[in-house]
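# Per-entry structural report
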Protein chains: 6
Amino acid sequence: MPIVRVELWTGRTQAQKRELARVITEAVVNIAHTTPEATIVIFQDIDKEDWAQGGALASETTE
Amino acid sequence: MPIVRVELWTGRTQAQKRELARVITEAVVNIAHTTPEATIVIFQDIDKEDWAQGGALASETTE
Amino acid sequence: MPIVRVELWTGRTQAQKRELARVITEAVVNIAHTTPEATIVIFQDIDKEDWAQGGALASETTE
Amino acid sequence: MPIVRVELWTGRTQAQKRELARVITEAVVNIAHTTPEATIVIFQDIDKEDWAQGGALASETTE
Amino acid sequence: MPIVRVELWTGRTQAQKRELARVITEAVVNIAHTTPEATIVIFQDIDKEDWAQGGALASETTE
Amino acid sequence: MPIVRVELWTGRTQAQKRELARVITEAVVNIAHTTPEATIVIFQDIDKEDWAQGGALASETTE
């Protein structure tokens, strides 16, 4: 604890996830007063086919 | 907000997800009094190997 | 299966949840070809203090 | 209900998931006084590239 | 890792959760070959007003 | 999108959540190249009675 779950569109690189994990962990440790070892960050890729806003799939409304 | 998350068995088509996103968004907007733009629908495919009911994996009890 | 999870701001009534459950279940049954009995809908109330968009808590930017 | 969601690193076998589903369902039925048919277990594989602890991705700190 | 999330109807006692945490952790350690320290179990109480099956809220169909 | 979900032990203040939302949103915008308006952060408080590690509830092993 804490557990941070980040849902991103598929396609973010390993480098972006590495940097996000580092910065989010640092923020959580500093602000919520916990330790890095107790802080878990999980990434979940979401395809644009699996995500809708305004009632339409993102795969059909964005490029 | 609202965020609606729909877990379905793998295999539903893009057309089914498109129609589900449309109808669910319409229901949420009408009943919960929000806007389409504020309503997010996320689909998550679950394989039958990853889902159990009655203590048995669906991949081994259904066809 | 399917499992539908609906996150709404705290304050929606029992009547709204009842109607949402009914309409969403009907949509899932018709579109994804499953049965009402196999369809689960779970509501999770989120307080505006626990939800941020644009980097600011909804409790401090909406009324 | 109940719904049990198990996040594991990618790579566990079908046999391990089958055994986990069986044992967890049995525990939930006995301890929480429900039925096997009402108990759902869902597995979600997480890649080590998608999981960080201590601010570092597991894919870069474990082998 | 692993993370196990258990959704139960509100009303299970502290003793039931303690026993569930103990037995589920033991099962995960033995079957998925991990350590107790790496295994997290999180309970989430769901009110019957927030859970529907067959299109109807459990608060209105069960007692 | 992105959606960030932060599970924290109950007791963090509104000020801590406000600061976490601000810093996490900034990190996601900069690193994942999105906009603040598209970035949602949701906090979920977990009681120590509802969280176990090493097979024991945190309410019985921490103070």
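So, a few notes on the structure that sits alongside this text. Just so we're clear, the structure is a prediction, and the values are computed from it rather than from any experiment.

## Focus: the side chain of R12(E)
- Its place among the elements puts R12(E) in the loop between β1 (3–9) and α1 (14–32).
- It is D45(E) that comes nearest to the buried, bridge-free R12(E) among opposite-charge side chains, at 7.7 Å.
- Polar contacts involving the side chain of R12(E) include one to the main-chain carbonyl oxygen of A32(D), which spans 2.5 Å.
- Leaving out residues up to four positions away in the same chain, R12(E) has contacts with A32(D), H33(D), T34(D) and K17(E).

## Quick notes on the interface of chain C and chain F
- With twelve residues of chain C at the contact, the number on the chain F side is 15 residues.
- The contact between chain C and chain F buries some 1200 Å² in all, and 46% of this surface belongs to carbon and sulfur atoms.
- Considering only the surface of chain C that becomes buried against chain F, D50(C), G55(C) and L57(C) emerge as the three largest contributors, covering 36% of it.
- Among the ionic pairs, R18(F) bridges to E60(C), the shortest N-O distance being 2.8 Å.
- For the pair chain C and chain F, the number of links is eight residue pairs in polar contact (both at pLDDT 80 or more).
- Broken down by element, the side of chain C that touches chain F gets its largest block of residues, three residues, from strand β3 (residues 51–53) of chain C.
- Residue classes in the side of chain C that touches chain F are distributed as four nonpolar, four polar and four charged.

## Things to note about the sheet that holds strand β4 (residues 56–57) of chain B
- Read across the open sheet, the eight strands follow the order β4(B)-β3(B)-β2(D)-β1(D)-β1(E)-β2(E)-β3(F)-β4(F); overall the sheet is mixed. Strands with a single pairing partner mark the edges of an open sheet, and in this sheet they are β4 of chain B together with β4 (56–57) of chain F.
- As defined by bridge partners, strand β1 (residues 3–9) of chain D adjoins strand β2 (residues 40–46) of chain D across seven bridges and the pair is classed as parallel. Bridge pairing links R5(D) to I42(D) in β2(D).

## Focus on the packing of aromatic side chains
- As enumerated under the stated definition, the model contains six aromatic pairs over all chains in all.
- Aromatic side chains W9(C) and W51(C) sit 5.3 Å apart centroid to centroid with 90° between the ring planes, which places their arrangement in the edge-to-face category. Of this pair, W9(C) sits in strand β1 (residues 3–9) while W51(C) is found in strand β3, placing the two residues 42 residues apart along the sequence.
- Across from the ring centre of W9(B), 4.3 Å away, lies the NZ or CZ of K48(B), which sits over that ring.

## Re the pairing of strand β1 (residues 3–9) of chain F
- With seven of seven residues buried, β1(F) lies mostly within the body of the structure.
- Side-chain alternation along β1(F) places I3(F), R5(F), E7(F) and W9(F) on one buried face and V4(F), V6(F) and L8(F) on a second face that is also buried.
- Both strand β1 (residues 3–9) of chain A and β1(F) contribute to a ladder of five bridges, which runs antiparallel. Across the sheet, the residue bridging to V4(A) is V6(F), located in β1(F).
- Following the chain from β1(F) across helix α1 (residues 14–32) of chain F to the adjacent parallel strand β2 (residues 40–46) of chain F, one finds a crossover that is right-handed.

## Some points on the relation of the copies chain B and chain C
- Expressed as a screw operation, the relation of chain B to chain C combines 0.0 Å of axial shift with a rotation of 180°, fitting to an RMSD of 0.0 Å. The superposition of one copy onto the other is thereby described by a two-fold rotation axis. Across chain B, the smallest distance between a C-alpha and the rotation axis is recorded for R5(B), namely 2.5 Å.
- Looking at the interface residues of chain B, 100% of them are also at the interface in chain C, so both copies use one shared face.

## Some details on the relation of the copies chain C and chain F
- The two copies are related by a screw operation: chain C maps onto chain F through 120° of rotation and 0.0 Å of translation along the axis, at an RMSD of 0.0 Å. Here the two chains are linked by the operation of a three-fold rotation axis. Within chain C, Q44(C) has its C-alpha nearest the rotation axis, a separation of 6.1 Å.

## With respect to the arrangement of the chains
- A gap remains between chain B and chain E, with no contact made and the closest C-alpha atoms lying 14 Å from each other.
- In this assembly chain D lies apart from chain F, the nearest approach of their C-alpha atoms being 14 Å.

## Some points on the interface of chain B and chain C
- Taken together, the contact between chain B and chain C spans 22 residues of the former and 22 residues of the latter.
- Note on chain B versus chain C: buried area summed over both sides is about 2100 Å², and carbon and sulfur give 70% of it.
- For the chain B face of the interface with chain C, the top three residues by lost area are M1(B), E7(B) and I31(B), together amounting to 32%.
- The tally of links from chain B across to chain C stands at seven residue pairs in polar contact (both at pLDDT 80 or more).
- Listing elements by their share of the side of chain B that touches chain C, those giving two or more residues are β1 (3–9) and α1 (14–32) of chain B.
- Here the side of chain B that touches chain C takes eight residues from α1(B), the largest share from any one element.
- Partitioning the side of chain B that touches chain C into residue classes produces 15 nonpolar, three polar and four charged.

Rules and cut-offs
- Residue numbering note: each chain is counted from 1, following its sequence as written.
- For this description, chains carry letters from A and ligands carry numbers from 1, given in the order in which they are written.
- Confidence filtering applies because this is a predicted model: local features only for residues at pLDDT of at least 70, side-chain atom pairs given and counted only at 80 or more, and all residues used for totals across whole chains, interfaces and linings.
- Each side-chain value is worked out from all heavy atoms of the structure, with water and hydrogens disregarded.
- Under the scheme used here, helices are H or I runs from DSSP no shorter than 4 residues and strands are E runs no shorter than 2 residues, and both carry numbers assigned from the N terminus.
- Each residue's exposure class comes from its accessible area (1.4 Å probe, protein chains only) as a fraction of the maximum for that residue type: buried when under 20%, exposed when over 50%, partly exposed otherwise.
- The charge count includes Lys and Arg as positive and Asp and Glu as negative, but it does not include His or the ends of the chains.
- Salt bridge, as used here, is a side-chain nitrogen of Lys or Arg placed within 4 Å of a carboxyl oxygen of Asp or Glu.
- Pairing of N or O atoms within 3.5 Å defines a polar contact, subject to two protein rules: one partner must be a possible hydrogen donor and the other a possible acceptor, and residues neighboring in sequence count only if both atoms are side-chain atoms.
- Contacts are assigned to residue pairs that have any heavy atoms within 4.5 Å of one another.
- Throughout, buried area stands for the accessible area (probe radius 1.4 Å) lost by two parts on being put together, summed over both.
- Three residue categories are used. Nonpolar comprises Ala, Val, Leu, Ile, Met, Phe, Trp, Tyr, Cys and Pro, charged comprises Asp, Glu, Lys and Arg, and polar comprises the others, including Gly.
- Note: two strands are recorded as paired if DSSP finds a minimum of 2 bridges between them.
- Ring geometry is summarised as follows: Phe, Tyr and Trp rings, the Trp one being its six-membered ring, pair when their centres sit within 6.5 Å, and such pairs are stacked at plane angles under 30 degrees, edge-to-face over 60 and tilted between the two.
- Over a ring means this: the NZ of a Lys or the CZ of an Arg is within 6 Å of the ring centre and within 35 degrees of the ring normal.
- With strands facing away from the observer, any crossover in which the path from the first strand over the helix to the second runs clockwise is taken as right-handed.
- Here the copies are matched by least squares. The fit uses the C-alpha atoms of residues with pLDDT of at least 70 in both.

All quantities given are derived from atomic positions and should not be read as evidence of function.
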